[in-house]
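# Close look at the chain arrangement
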Amino acid sequence: MAVGAGWLLDDNYGCTDKLFLSTLKKDSPVLLDPDQCQLVLVDYQVKLMPAIQDEARVIRKARLLAQMAHLMAIPVWATTQRAEALGPFVPELAALVPPPLDKLAFNACADGLIDVLQPPHATSPAQGKNARSLPKHLRKPAAVEPLAPARPVIALAGVEAHVCVLQTALDLGEQGFEVWVVSDASSSRNTRDCDAAFDRLAGNGVELITAEMAAFEWLGSADHPDFEAALAYIKAA
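Residues numbered from 1 in each chain as written. Predicted model: local features only at pLDDT ≥ 70, side-chain atom pairs only at ≥ 80, totals over all residues. Heavy atoms only, no water.

## Section: the sheet that holds strand β6 (residues 153-158)
Taken together, the six strands give an open sheet; going across it, the order is β3-β2-β1-β6-β7-β8, and neighbouring strands pair in parallel fashion. Of all the strands in the sheet, the pair left with one neighbour each is β3 (101-103) and β8 (207-209). The sheet shows a mean angle of 25° between the axes of neighbouring strands, taken without regard to direction. Where strand β1 (residues 37-42) lies against β6, six bridges are found, and the strand directions are parallel. In the sheet register, C37 faces β6, and the bridge partner there is V153. This element, helix α1 (residues 55-71), spans β1, β2 (76-81), β6 and β7 (178-182) of the sheet and lies at about 150° to β1. Docked against the sheet, helix α5 (residues 161-174) engages β1, β2, β3, β6 and β7, running at close to 170° with respect to β6. (Pairing = 2+ DSSP bridges. Helix = DSSP H or I, 4+ residues; strand = E, 2+ residues; numbered from the N terminus. Axes fitted to C-alpha atoms, helices over the stretch in contact; angles between N-to-C directions. Contact = heavy atoms within 4.5 Å.)

## Some points on the packing of aromatic side chains
A full pass over the atoms with the stated rule returns one aromatic pair. Aromatic side chains Y44 and F89 sit 6.0 Å apart centroid to centroid with 70° between the ring planes, which places their arrangement in the edge-to-face category. Pair noted here: Y44 is in the loop between β1 and α1 and F89 is in the loop between α2 (83-86) and α3 (91-94), with a separation of 45 residues, a long-range link. Taken as a pair, Y44 and F89 share a single burial class, namely buried. (Phe/Tyr/Trp six-rings, centres within 6.5 Å; stacked < 30°, edge-to-face > 60°. Buried < 20%, exposed > 50% of the residue type's maximum accessible area, 1.4 Å probe, protein only.)

Just geometry here; none of it tells us what the structure is for.
Below, the structure is given as structure tokens:
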């Protein structure tokens, strides 16, 4: 897709000027498919963000992700870390996310994120054709098996990159999700921690992308009916 260069902005990615190429998992998608995605925004809180490297850029890129997700009907989820101490989501993002999942664990999966991302468990009969003809005391309980998530690809961004984002991303991968961390919408208090987080994520098969990569891959083409609205969001970010 050819797009005029007049609206393109030069970003100074404070955490790193280099995106580490991740190891591709077998059967993982090459491009983001909006129909397969969910967006998770981690801990953009009012008392934490002022300490984060490139705070303004990180919030702009996170806002772009959330705006694009709403435009493309992609589910959006949010987390906070000890909201009573670190405060609510920053105002720039608060209206774009549902009530956040508040957590104590740095790994959001350990405090309920998986339950949000997965569909309800399905009860599948494991009795055989004639099970119902048996007396109740001889019947085996129905097997309860988790369904595969309807949207198995997680676009993940947040702070801090080397703590909650890292731990959540790695556990999501262990849980069978395809994880794509949005690097320019993620950061830490210290540049070295952020760089190390991206390096480690890439080494564990997590895709590293930018917010504009996500936006254009979700759009797919300049003839998308929402292209003009998306372009306005991209220019503002």
